[in-house]
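# Observations on the model geometry
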Amino acid sequence: MSGPEGMTPESIPKPSGLTASDAKAKDLSGGNLKGAALMSLGMAAFVGNVTFMKLVSFELSLFQAIFLRGCFAAVVLGGFALYRRELFIRVSGTDAKVLGIRVVGEIGASLCYFMALFNMPIANVTAILQALPLVITLGAAIFFGETVGWRRYGGIALGFVGILIIVQPGTDGFSVYSLWALASMFSVAIRDLATRRFSSGLPSLFVAFATMVCVTLVTGLLTPTMEWKPVTLSTVGLLAGASFFIMMVHITLIRSMRVGEVAFVTPFRYTVMVWAIALGYLIFDETPDSATLIGCSILILTGIYSFWRERKVKRKTVEKGEDASL
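Below is a summary of the structure that appears in this document. (Residues numbered from 1 in each chain as written. Predicted model: local features only at pLDDT ≥ 70, side-chain atom pairs only at ≥ 80, totals over all residues. Heavy atoms only, no water.)

### Here we look at the overall build of the protein
To keep it simple, the criterion reads: A run of H or I in DSSP counts as a helix once it spans at least four residues, and a run of E counts as a strand once it spans at least two, with each numbered from the N terminus. Each residue gets one of three labels from its accessible area relative to the maximum for its type: buried under 20%, exposed over 50%, partly exposed in between, using a 1.4 Å probe on protein chains only. Whether two residues touch is decided by their heavy atoms; if any such pair falls within 4.5 Å, the residues are in contact. Surface exposure here means Shrake-Rupley accessible area, sampled with a 1.4 Å probe, where a residue is shielded only by the protein chains that are shown.
Summing up its helical and strand segments, the protein has 12 helices and 0 strands in all. Along the protein, helices and strands appear, N-terminal first, in the series α-α-α-α-α-α-α-α-α-α-α-α. Evaluated residue by residue, the protein yields a buried proportion of 52% over its 326 residues. When contacts within the protein are restricted to residue pairs at least 6 apart in sequence, long-range pairs at least 24 apart make up 86% of them. When the accessible area of the protein is evaluated, it comes to approximately 15100 Å², of which 67% is carbon and sulfur surface.

### Here's the deal with the packing of helix 6 (residues 150-167) against helix 7 (residues 177-195)
Angle between the axes and distance between the axes: these two values describe a pair of packed helices. This is how it is decided: In this analysis, axes come from line fits to C-alpha atoms, helices being fitted only over the stretch in contact, and the angle between any two N-to-C directions falls in the range 0 to 180 degrees. By definition in this entry, angles of less than 35 degrees are roughly parallel, angles greater than 145 are roughly antiparallel, angles of 65 to 115 are roughly perpendicular, and the rest are oblique. In this scheme, a crossing is called left-handed if the near helix is turned counterclockwise away from the far one by less than a right angle; it is called right-handed if the turn is clockwise. Following the grouping adopted for this structure description, the nonpolar residues are Ala, Val, Leu, Ile, Met, Phe, Trp, Tyr, Cys and Pro, the charged ones are Asp, Glu, Lys and Arg, and the polar ones are all others, Gly among them.
Relative to each other, helix 6 and helix 7 sit at 150 degrees, their axes nearing to 10 Å. Judged on the interaxial angle alone, helix 7 and helix 6 are roughly antiparallel. In this structure, helix 6 crosses over helix 7, and the sense of that crossing is right-handed. Along the contact surface, helix 6 presents Phe160, Ile163 and Val167, while helix 7 presents Ser178, Leu182, Met185 and Phe186. Residue composition of the contact of helix 6 with helix 7, by class: 6 nonpolar, 1 polar and no charged.

### Digging into the packing of helix 2 (residues 62-83) against helix 8 (residues 204-222)
The interhelical angle for the contact between helix 2 and helix 8, taken along N-to-C directions, is 150 degrees, at an axis separation of 8 Å. Overall, the two elements helix 2 and helix 8 adopt an arrangement that is roughly antiparallel. The element helix 2 and its partner helix 8 pack so that their crossing is left-handed. Of helix 8, the residues touching helix 2 (which contributes Phe63, Ile66, Phe67, Gly70, Cys71, Ala73, Ala74, Leu77, Gly78, Phe80 and Ala81) are Leu205, Ala208, Phe209, Met212, Val213, Val215, Thr216, Thr219, Gly220 and Leu222.

### Some words on a nonpolar patch on the surface
Where we set the bar: Patch definition: residues above 30% relative accessible area lacking any salt bridge, with like charges linked at up to 9 Å and the nonpolar side chains Val, Leu, Ile, Met, Phe, Trp and Tyr linked at up to 5 Å. When a carboxyl oxygen of Asp or Glu is within 4 Å of a side-chain nitrogen of Lys or Arg, the pair counts as a salt bridge.
A contiguous nonpolar patch, built from Val75, Val76 and Phe80 and spanning about 280 Å² of accessible area, is present on the exposed surface. Tracing the backbone through its elements, the reader meets Val75 in helix 2.

### Some points on the pattern of salt bridges
Enumeration over the complete set of coordinates arrives at 4 salt bridges. A salt bridge links Lys54 to Glu286; its shortest N-O distance comes to 3.8 Å. Here the residue Lys54 occupies a position in helix 1 (residues 20-56), and Glu286 occupies one in the loop between helix 11 (271-284) and helix 12 (290-320), the gap between them amounting to 232 residues. By relative accessible area, Lys54 is classed as buried at 6%. One salt-bridge network, held together by shared partners, links Glu106, Arg191 and Asp192.

### Looking at the environment of Arg85
Residue position: Arg85 is located in the loop between helix 2 and helix 3 (93-117). In this structure the C-alpha to C-alpha distance between Arg85 and Pro203, which are 118 residues apart in sequence, comes to 9.9 Å.

### Structural notes on the packing of aromatic side chains
Convention followed: Within 6.5 Å between ring centres, the rings of Phe, Tyr and Trp (the latter by its six-membered ring) count as paired, and their orientation is classed by plane angle as stacked under 30 degrees, edge-to-face over 60, tilted in between. Counted as over-ring charges are cases with an Arg CZ or a Lys NZ within 6 Å of the ring centre that also lie within 35 degrees of the ring normal.
Under the defined criterion, the tally for this structure stands at 6 aromatic pairs. Of the aromatic side chains, those joined through ring pairs into one cluster are Phe46, Tyr113, Phe114 and Phe118. Looking at Lys54, its charged tip hangs above the ring of Phe284, at a distance of 5.9 Å from the centre.

### A word on empty space enclosed by the protein
So the rule is basically this: Cavity means a closed set of points on a 1 Å grid over the protein atoms alone, one where a 1.4 Å probe fits but cannot get out, pocket means an open set with protein on both sides within 12 Å along at least 5 of 7 lines, and lining means a residue has an atom within 4 Å of a point. Grid points are joined across faces, edges and corners, and a volume is the space filled by probe spheres set on the points.
Summed over all chains, the structure comprises 2 cavities of 30 Å³ or more. The space that makes up the largest cavity amounts to roughly 310 Å³. Taken together, 24 residues form the lining of the largest cavity, with Phe46, Leu129, Val188, Arg191 and Val249 sitting closest to its centre. At the level of elements, helix 1, helix 3, helix 5 (132-144), helix 7 and helix 9 (233-259) are the ones that each hand at least two residues to the lining of the largest cavity. Residues belonging to the lining of the largest cavity are distributed by class as follows: 13 nonpolar, 6 polar and 5 charged.

### A look at the nonpolar core
Definition in use: To define a nonpolar core, start from buried Ala, Val, Leu, Ile, Met, Phe, Trp, Tyr and Cys residues and group those joined through side-chain atoms within 4.5 Å.
Grouped together as the largest cluster of nonpolar side chains are 81 residues, with contacts concentrated most on Phe46, Tyr113, Phe114 and Met185. With residues up to four places along the chain from it excluded, the contact list for Met185 reads Ile128, Leu129, Ala131, Leu132, Val135 and Ile163.

### Describing unusual backbone geometry
At Arg85, a position not held by glycine, the phi torsion is positive, near 60 degrees. Judged by its relative accessible area of 74%, Arg85 falls in the exposed class.

### Remarks on the side chain of Ser256
Put simply, the test is: A 3.5 Å cut-off defines polar contacts: any pair of N or O atoms within that distance qualifies, except that in protein one atom must be a possible hydrogen donor and the other a possible acceptor, and neighbouring residues in sequence count only when both atoms are side-chain atoms.
In this structure, Ser256 sits in helix 9. Among the polar contacts listed, one links the side chain of Ser256 to the backbone oxygen of Leu253, at a separation of 2.9 Å. Leave out the neighbours within four places in its chain, and Ser256 touches Gly35, Leu38, Met39 and Val265.

### Some points on helix 11
Filter applied, for reference: To estimate how far a helix should extend, the number of its residues minus one is multiplied by 1.5 Å. The reported arc concerns the directions from the helix axis to the C-beta atoms and nothing else.
Between the first and last C-alpha of helix 11 there are 20 Å, a value that for 14 residues agrees with the 20 Å anticipated at 1.5 Å per step. Where helix 11 is concerned, the buried positions are Val272, Met273, Ala276, Gly280 and Phe284. Along the axis of helix 11, the buried positions cluster into a sector of 95 degrees, meaning they face one direction only. Among the exposed residues of helix 11, those pointing more than 90 degrees away from its buried face are Val274 and Leu282. Positive backbone phi, at 55 degrees, marks Asp285, one or two positions downstream of helix 11.

Right, here's the structure in full:
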C-alpha cells in the first residue's frame, strides 16, 4: 500500500523511538482517516449529483443528459488540470492499461446506473450498490491475491442474500431495472479495483478528466439513438449542478482509494444511504419499501463485519508480527 504520493511506507522517515512497524501503522492510520473523510464527502457529492440528474430525467433523455453533464464537467476538469499542469503528462504503459480498464468500468457504471435511476427510486437503486464493498473484497481476493478467510466469505455470501431481498426476483416487487443497478454495481467494483493499481505519480485530476472525456464521448455517440429534447435554462442549471457534484465524486473517490487502505475506506460508502433516503423523501416523495430497508441493512451489517474482521487481524499482525487467517 503506497503512502503519500511519490513515497512508499518504507521511504517515509521514521519518528525517533518508533519501530518500523509502529511508523508504518501510524502512516496508514493518517492515510486511512484522510481516505475516510474523502469517501464520506464523495458519497454526499454522489447523492447531490444523482438528485440533480433525476430532476434532469424529467426533461431530457438518458444519453442526452449524461452527455451534456459530461461536457460541463470535462471543460471544468480540463481547466483545472491545465492550471495544475496535470493535463498533458506522459502515462506509462502499465498506467495506460489500468486507465483503460477504469474507463470501461466507469462507462458501464454510468450507463447502467442512470438507466436504473431514471426508472426507480433513488433509495432502491442506492441500496443495491451497498453490496459494493463486499464485491470489492471478493475482487481483491481473486485478482490481487489478498487473504480472505471463511468468516469474510460467509459475510459476502450473506450480503448477496441481502441483494436478493432487495431485488425480489420472481415476485411482484421485481423490477427489471434492478438488474441495471446490479450491472452498475459490478462496473463500479471494476473501476475502483483498477484505481488501486495506478502508480503514485499519476495525478488523480488527470485520471478524473480522462475518464470523464471518455464517458462523454461514448454517450455522445449513443445520443442519436434517443430523441433529442429541448434544453431549457432551468435544465442547464440542473446540469451545471450535476457537473459540479460529479467532479467532486471523481476527485474524492480516486484520492480516497489511493491514500487509504481499501478495507478501511470502503465501508464509509454506507453514508450514502442517509443522503439517498433523505433527499429521495424530501424532493421526490419516495419512501423505500420494507424489503429494500431489510436487504440494505443486511448489506451494511455484513460490510461492517467484513471491515471489522480485516482490521482486527491486520492490527494483530502489525503489533505481534503473527500470521492470522481472515
